[in-house]
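# A structural walkthrough
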Amino acid sequence: MREESSVSRAGYLRENYRYFHLRDTAGQELDFHFHEFDKIVLLLSGRVDYTVEGSSYALKPWSVLLVKHHTIHKAMIDKSEPYERIIIYLDGKYFDRSAPGARLMDSFDQADKRGEHLLLPTEQQRLAMEEVIRAYERAAEDQGFGAEALRESYIIQLLIYIGRMTAVSGETGYGQYDPKIRQVLSYINENLGEELRVEQLAERAYLSKYHFMRLFKSQTGSSVHAYVRQKRLLHAARLIREGMSVNKAAAESGFGDYSAFHRAFRESFGISPGELKKQ
C-alpha cells in the first residue's frame with residue numbers, strides 16, 4: 001500500500017448508535033483510521049494502547065477513551081491477555097437533537113480541543129457507569145413496549161456521566177506525546193487552507209527536516225504528507241456536507257489542483273466529491 005493511503009476510513013453507522021460488548025484474546029487491530037461517527041471505548045480487561053492524533057494512551061480498566069469523528073487513531077493490543085471492552089458508535093447529531101439543552105456530545109469536543117482523550121473515573125463514577133451498562137445489557141433482549149426508547153435512555157445516561165467526568169477532569173497523565181509534534185498538529189489543523197511544507201513545519205518545531213519527519217512518523221504513525229493530505233480531505237468533506245460548493249471546498253482545504261483533489265477524495269472515501277454533495 002502506498003504511504004499516502006496509510007490512513008483509511010473504517011466502519012459505518014446507519015443507526016443512531018451501535019453498542020458492542022466484545023471479549024476475545026486478540027481484538028481487531030486496524031492501521032491508523034478514522035470514522036464518520038463518534039466512538040466511546042471502555043476497557044474492561046486486557047492491555048491496550050491507543051494512539052489518537054499523536055497522543056498515546058495506556059488504557060486502564062474502566063478508563064473511557066473518547067474518539068471524535070474524523071479523528072485519526074489506532075489500537076495496539078497485547079494479545080497475551082484476554083481483551084474485553086465496550087465500544088459504542090454514536091451519531092452525534094442525533095443525540096444533540098434529541099436533547100438540545102443537555103449538550104451530550106460536548107465531551108468529545110472538549111477532548112479534541114484539549115488533546116486529552118482519556119478519562120479516568122473515580123470509584124463512584126465507575127460504579128455509576130457499571131450500573132448503567134448492566135441495565136442496558138439486561139434491556140438488550142427486551143422486545144416489549146418502549147424497549148428501544150428504554151435502551152436509548154441508558155446510552156443518554158452514560159453520555160451524561162461522561163459529560164460530568166469531562167467537566168471536572170484535569171490532566172489525566174496518560175497522554176504521552178512530544179509537545180513539539182502536538183504544537184505542529186494544532187498548527188496543521190488550524191491552517192489546512194494554507195501552504196504546509198515539511199520544511200516550514202520543521203522550523204515551527206525547531207527541528208531539522210529529517211529529524212522532524214522521523215519524529216512525526218513515530219508519534220502519529222503517518223508521514224507528514226499523508227497526515228496533511230488526509231486532514232485536508234476530511235475538512236473538504238465536512239465543508240461539502242455543510243453546503244459549500246465542491247470547487248470552493250477544495251480551495252478552502254488547500255487543494256490547488258482540482259483533478260488531484262477529485263482523485264484523492266474518491267480514493268479515500270470511495271465516492272466522488274459531487275456524489276457526496278448530492279447525498
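As a reminder, the structure under discussion sits directly above these lines.
Model, not experiment: these values are computed from the prediction.

Turning our attention to the pairing of strand β9 (residues 83–90). Extensive coverage of β9 is indicated by the burial of eight of its eight residues. Burial along β9 is two-sided: Tyr-83, Arg-85, Ile-87 and Tyr-89 and Glu-84, Ile-86, Ile-88 and Leu-90, pointing in opposite directions, are all buried. Alignment of strand β4 (residues 38–45) against β9, held across seven bridges, turns out to be antiparallel. Counterpart to Ser-45 in the pairing with β9 is Glu-84.

It is worth spelling out helix α7 (residues 209–220) at this point. Taking 1.5 Å of rise per residue, twelve residues should cover 16 Å, and α7 covers 16 Å from first to last C-alpha, within 8% of that figure. Within α7, burial applies to Phe-212, Leu-215, Phe-216, Gln-219 and Thr-220. For α7, the angular spread of the buried residues around the axis is 105°, confining them to a single face. More than 90 degrees from the buried face of α7, the exposed residues found are Tyr-210, Arg-214 and Ser-218. Of the surrounding elements, those touching the buried residues of α7 are β5 (48–52), α5 (179–190), α6 (198–204) and α8 (224–241). Looking one or two residues beyond α7, the residue adopting positive phi is Gly-221, at roughly 80°.

A few words now on the environment of Gly-46. Relative to the helices and strands, Gly-46 resides in the loop between β4 and β5. Since its relative accessible area comes to 18%, Gly-46 is described here as buried. Between the C-alpha atoms of Gly-46 and Glu-81, which are 35 residues apart in sequence, the distance is 5.6 Å. In contact with Gly-46, other than residues within four places in its own chain, are Glu-81, Pro-82 and Tyr-83.

Relative orientation of the contacting elements α8 and helix α10 (residues 258–269) amounts to 90°, with a least axis distance of 10 Å. In terms of axis orientation, α8 runs roughly perpendicular to α10. Residue-level inspection shows Arg-229, Gln-230, Leu-233, Leu-234, Ala-236, Ala-237 and Ile-240 of α8 in contact with α10, the latter providing Phe-261, Ala-264, Phe-265, Glu-267, Ser-268 and Phe-269. Among the residues making up the contact of α8 with α10, the classes are represented as nine nonpolar, two polar and two charged.

One pass over the full model with this rule turns up 15 salt bridges. As a salt-bridge pair, Arg-126 and Glu-123 come within 2.7 Å of each other at their nearest N and O atoms. Here Glu-123 and Arg-126 lie together in helix α3 (residues 123–139), a separation of three residues that amounts to about one turn. Classification of Arg-126 by relative accessible area gives buried; the value is 18%. Note that Glu-148 and Arg-151 form a salt bridge whose closest N and O atoms lie 3.2 Å from each other. Of the two residues, Glu-148 and Arg-151 are both situated in helix α4 (residues 147–168); the distance of three residues between them amounts to about one turn of the helix. The exposure class assigned to Glu-148 is partly exposed, which follows from its relative accessible area of 40%. Overall, the relative accessible area of 10% leaves Arg-151 in the buried class. Taken together, the salt bridges that share partners define one network made up of Glu-123, Arg-126, Glu-130 and Arg-134.

In contact at an axis separation of 10 Å, α5 and α8 are set at 35° when each is read in the N-to-C sense. Judged by the twist between their axes, the crossing of α5 over α8 is right-handed. Taking contact as the criterion, the partners of Leu-185, Ile-188 and Asn-189 in α5 are, on α8, Tyr-227, Val-228 and Lys-231. Classifying every residue of the contact of α5 with α8 by side-chain character gives four nonpolar, one polar and one charged.

A separate point is the sheet that holds strand β2 (residues 17–24). Each strand in a sheet pairs with its neighbour through backbone hydrogen bonds, running either in the same direction (parallel) or in the opposite one (antiparallel). What the five strands build is an open sheet, ordered β2-β9-β4-β7-β10; its pairing is antiparallel. In the strand order of this sheet, the two ends are held by β2 and β10 (118–119), each with one partner. Of the strands in this sheet, β2, β4, β7 (64–67) and β9 are in contact with α3, which crosses β2 at around 100°.

Rules and cut-offs
- Residues numbered from 1 in each chain as written.
- Predicted model: local features only at pLDDT ≥ 70, side-chain atom pairs only at ≥ 80, totals over all residues.
- Heavy atoms only, no water.
- Buried < 20%, exposed > 50% of the residue type's maximum accessible area, 1.4 Å probe, protein only.
- Helix = DSSP H or I, 4+ residues; strand = E, 2+ residues; numbered from the N terminus.
- Pairing = 2+ DSSP bridges.
- Expected span 1.5 Å × (residues − 1).
- Arc of directions from axis to C-beta.
- Contact = heavy atoms within 4.5 Å.
- Axes fitted to C-alpha atoms, helices over the stretch in contact; angles between N-to-C directions.
- Parallel < 35°, antiparallel > 145°, perpendicular 65-115°, else oblique.
- Nonpolar A, V, L, I, M, F, W, Y, C, P; charged D, E, K, R; others polar.
- Salt bridge = Lys/Arg side-chain N within 4 Å of Asp/Glu carboxyl O.
- Left-handed = near helix turned anticlockwise from the far one by under 90°.

Without other data, these values stay purely geometric and don't point to any function.
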